[in-house]
Amino acid sequence: MIRSLGYFWELIKGSLITARHFVVNMWFHTLKLFGIKTKRRGAVTIQYPEQKKALASRHRSLQRLLKRQDLKPRCVSCMLCVTVCPSECIYVEAAEDPDPDIQKYPSTFIIDLSRCCFCGFCVEACPEDAIRMDTGKIDLAQSTRQDLIYDLDKLLK
Amino acid sequence: MESAGMKIVIDDRPVEVEEGTTILQAAKQAGLHIPHLCFHPAFVPEGSCRICLVEIEGLPKLELACATAVRDGMKISTQSPRVREARRGVLEFLMADHPLDCPICDKAGECKLQDYYQEYGLFEGAFKEAKEKRDKIIKIAEKLILDRERCILCTRCVRFLSEITKTQELGVFRRGIHSEISTYEDAPVQNNYSGNLVDLCPVGAITDTEFRFKTRTWFLAQSESICPLCSRGCNIYVDYHPGFTRIPGTAKIYRIRARENLEVNGRWICDFGRYGFPSLEKDRGDKILWKKEGRDTIMSWEKILSLLAEKLRPRHRTKNTSNIAVVANTWMTNEELFLFKKIFKDDLGLKKIFFADPRPGSGDGFLLQAERTPNARAAKEMGLELNPVNLDDLSKNTDVLIIFGPFLADLHDPSSLKNDLDKIRTKVLVSSHRSGLESYVDFILPASGILEKTGSLTNRDGLVQKFSAVCPPCGDSRPEWSVLIELAKELRINAGYYSRLTQPEVILKEMGKEIAFFR
Amino acid sequence: MDIVIVLIKIVLALVWFLVLTLYLTWLERKESAVIQDRVGANRASIFGIRILGLFQPFADAIKMIFKEDFVPAFSKKFLHTLAPFLSFFFVAICITAMPFGNDIMVGGRTISLQIFDANVGLLFVLAMLSLGIYGILLSGWASNNRYSLLGGIRGAAQLISYEVALGLSLVGLIMVFPSLKLSEIVQSQGGLLFGFLPKWGVFLQPLGFIIFLFAALAETKRVPFDLPEGESEIIGFFTEYGGLKWGLFMMTDFMEIIIVSTLLTTLFFGGWQVPWLSADGFQFPWGGQWQMARWLVIIFQVLAFNIKVFFFCWLQILIRWTYPRFRYDQLMDMGWKLLVPLSLVNIVGTGLLLMVIK
């Protein structure tokens, strides 16, 4: 009986804690609603599209392809990224470049972002440092699947 | 053979080999691999790459495994620190002038130099100087490109052309560091076996335009098959890419390579077979069509086979099968020809059985045969007569015609073909390829290509070679053997017999029971 | 004329009820968020105007209306459709018995702010709440899903168990205010106890109040007692529902909260009674007086009723976001071994006390 009373007491304590959170937070929310600036905020939430956190320096965002000095893609289409890609989202078609120093260049380079898992393996595998994931673009949602297929032109931009 | 019994020990493994065997071959018998680049079992050893050095007890220097014959009681070690060190040195010298453009090299993944570097090298290059620049794109044949930077001068190509084809189009020119492989006065390599140079080259110095830059070797699934393009029945590897999930048309066969079978084709295949494979992928029919009153209707196998069976069954019941004609071909496998014979000749008792095969070409006296069909021998052994199609006989009093294969279109000119076929009421085409015959017939049943089915072929010398499917069937197509079995089931002839034959292996076993040749 | 007045009352009560339900969904999101130091739904907007996400219920409603109306294969389509409507109906009808305020005089006509003042109002409400079980059982059974069926059976078992305690906990109250008529119960809570304490049910029946609170919470099938549904872990009776039908179940949940709040208010917290407010103004126990017009008093009373109901809605949501779920055996133990005996004790004690006083 005593134990169940203790249990009852803990129930009340618990609801007092949540009630305290409610009252305190609501107080700051109300102050904010009336435009009063306070040091403490009512919530810890970051309101994403308006408020943005700085990305970490190693954050992996949308891929890009780098260019040579003459604006050709640096990629030699060795397909190592295709090989290493765990979600099989990269497709490369090679073609013969007349320049014997380049020889092989990608005529098609497709990243299917709807499959991409942003693991960054392609960046690590690239022997030419031709692909990087440092654009800082993370709002990549599109309304059609087709828009998520990034081809050479889009990636070189 | 009484001189056999050279007892030697390689890496603590005792082996007994014949006299005159080289150390490398003896090691192979012992199940050891000694690295080699210039050595090829088909040629006289040259000993130019020097990576096969082994240590022989009692000899002060390391010896070439590829060119040294064993002597009784030899004690050889292939993995001693001295040997490994020597191999490392050899590799370092080879690499000093090798461009290391593996990322764009088509050989990468199956390159001997890469493999040996992984096993014995793994050094930091000591040569800090810039690599020597050489010509990278030299067209030495219609389909071959030579890259002199990658070449390690093993001269396998030179020896192949002088020893096997005896055409000697390539040679080593100049001396020392300036040595290079070249054609004589720009006369290109021109023979029917030039494609083998690509397989032979241990590095990526010779590549062919058909495969160059198309894909990387490690994406390819290597399957064993038989070349169907002539009656030689060369053993081949078919390298198939299963394709990227989201990109249509990426699942395809990228190349054909020779598979060693000393009884049939040695280690080579001809260019006709090697580069003929794209034609096997082109113009594929993949839909089951019924041209109902001029309109194409896509059908299911069950429906179209029961429709066909309805047309054939009454004639079979009344034993009135004289107005049915069939055209077969010898691209069909043993099993298919057997079923064909069983159903049409034995069960239905047809008289009008014709064969439409590709026109013979010319043989080249080595591997390529004039007979451009893989299985004519089997048809003969089964007792089928290879009657060529006579359009008059074919269309005379014929009500139902079943054509297997697309070759009829090549043999007769379209107008007479159309004339004669128009006389027949029901025409069925079972074909893997589109050939123009489609416009004359009413029912089109897509058959699987020869690389998509499992079975066996009999080559001109009577060797029955089994092979299995390389890739999944194209579209709705099915192999002819399964079409024939399903048809037989629909016709309800000998139902128990045909329902037992579920797999090509089972059919082959059944054939063995009935025809002594296939036992 | 009477019919018109009744119709107007029905419409007003329903509007009040449904709007409160709608905004209870918003309150639930917002309150849970604030308790957990979050912001909560604040994105729904009309022309960019957000006002704390007050449009969220409309967005939810639009979403639910346009979702696919899915009926699983081999289920009883009619019963499957009927179930959410049954649940909804039996809760919605409870509002008819609730007194929102004292009688008002309009044009010489006395209008009670209550749709249906039955003699057995309390029993009517309890009966309707129990009939809600059919919705749950039907939905579980008609879904042709074993898990849903189990959920429905769990729900029925729980509700029936707690109905016993719910009913028994009110017996003491009925003995104190000797009536089943809700308007009379409220009326009789108007007096004073010991000269200063409002004569509310909670002061006369503290044990009854606690038992009723627990049992009523169990009746709403929400978190400490959400065994029938258990959205994240155990599969509940409306698993096979989507779109508007699911929305009806959800609304039923929130409407049950409101009904329980109105019941708590009416039975234990004086309904529309404001402490020390009589028909012509405040009369404070320390002797102060505050004359007020009749209409002002009515407004005060209706407001008091609403505020009390809101408070209990808030409290129930607070409870839902505070406690973890019971285990099923604990749930049954609490119902049968704690609440039922306690309510019996309460009845006997109340009886004895009443005998002593008389």
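Here we look at the interface of chain A and chain B
So, point 1. Between chain A and chain B, the residue contacts involve 23 residues of the former and 20 residues of the latter.
So, point 2. When the buried surface of chain A facing chain B is broken down by residue, Y91, Q103 and K104 of chain A rank first, second and third, together holding 31% of it.
So, point 3. Between the two partners, chain A and chain B, sit two salt bridges.
So, point 4. Between E96 of chain A and R212 of chain B there is a salt bridge whose closest N-O contact spans 2.8 Å.
So, point 5. In this assembly, chain A and chain B are joined by five residue pairs in polar contact (both at pLDDT 80 or more).

Some details on the side chain of E480 of chain B
Residues and elements named next belong to chain B.
So, point 1. Structurally, the position occupied by E480 is in helix α14 (residues 480-491).
So, point 2. The class of E480 is buried, set by a relative accessible area of 5%.
So, point 3. In this structure E480 touches M332, E336, F404, V430, A447, S448 and K453, once residues within four positions along its chain are discounted.

Focus on the sheet that holds strand β5 (residues 277-278) of chain C
Residue and element names in this part refer to chain C.
So, point 1. Here three strands make up an open sheet; going across it, the order is β5-β6-β7 and the pairing antiparallel. In the strand order of this sheet, the two ends are held by β5 and β7 (289-291), each with one partner.
So, point 2. With two bridges connecting them, β5 and strand β6 (residues 281-283) associate as antiparallel partners. When the sheet's bridge partners are listed, S278 is paired in β6 with G281.

Topic: the sheet that holds strand β12 (residues 235-241) of chain B
By definition, the strands of a sheet pair up through backbone hydrogen bonds, in either a parallel or an antiparallel sense.
Residues and elements named next belong to chain B.
So, point 1. Strand order in the open sheet made by the three strands is β11-β12-β13, with antiparallel pairing throughout. One side of each edge strand has no neighbouring strand; the edge strands of this open sheet are β11 (221-226) and β13 (252-258). Put simply, the sheet's adjacent strands are angled 30° from each other on average, direction ignored.

Observations concerning the packing of helix α8 (residues 206-220) of chain C against helix α9 (residues 243-268) of chain C
Residues and elements named next belong to chain C.
So, point 1. Contact geometry of α8 with α9 gives a least axis separation of 9 Å together with a crossing angle of 165°. Here α8 lies roughly antiparallel to α9, going by the angle between them. Considering how the two elements wind past one another, α8 and α9 form a crossing that is right-handed. Between α8 and α9, the contacting residues are G208, F209, F212, L213, A216, E219 and T220 on the first element and D253, E256, I257, V260, L263, L264, L267 and F268 on the second.
So, point 2. Residue composition of the contact of α8 with α9, grouped by class: 10 nonpolar, two polar and three charged.

About the criteria used
In every chain, residue numbers begin from 1 and rise along the written sequence. For naming, the first written chain is A and the first written ligand is 1, with later ones following in the order written. With the structure being a predicted model, the display of local features is reserved for residues of pLDDT at least 70 and the display and counting of side-chain atom pairs for 80 or more, all residues being used for whole-chain, interface and lining totals. Computation of side-chain values: all heavy atoms of the structure, hydrogens and water removed. Residues are treated as being in contact if the distance between any of their heavy atoms lies within 4.5 Å. Put simply, buried area is how much 1.4 Å-probe accessible surface two parts lose in total, over both of them, once they are put together. Within this document, salt bridges are pairs made up of a side-chain nitrogen of Lys or Arg and a carboxyl oxygen of Asp or Glu, the two lying within 4 Å of each other. In protein, a polar contact means a hydrogen-donor-capable atom and an acceptor-capable atom, both N or O and within 3.5 Å, with residues adjacent in sequence counting only if both atoms are side-chain atoms; elsewhere, any N or O pair within 3.5 Å suffices. Counting from the N terminus, the helices are the DSSP runs of H or I reaching at least four residues and the strands are the DSSP runs of E reaching at least two. When accessible area is computed with a 1.4 Å probe and restricted to protein chains, residues below 20% of their type maximum are described as buried, those above 50% as exposed, and intermediate ones as partly exposed. Only when DSSP finds a minimum of two bridges between them are two strands counted as paired. In this description, a line fitted to the C-alpha atoms serves as the axis of each element, helices being fitted only across the stretch in contact, and the angle between N-to-C directions of two axes falls anywhere from 0 to 180 degrees. Note on angle classes: values under 35 degrees are labelled roughly parallel, values over 145 roughly antiparallel, values of 65 to 115 roughly perpendicular, and the remainder oblique. Here a crossing is called left-handed whenever its near helix is offset anticlockwise from the far helix by less than a right angle, and right-handed whenever the offset is clockwise. Three classes are used, and their members are as follows: Ala, Val, Leu, Ile, Met, Phe, Trp, Tyr, Cys and Pro are nonpolar, Asp, Glu, Lys and Arg are charged, and the others, Gly among them, are polar.

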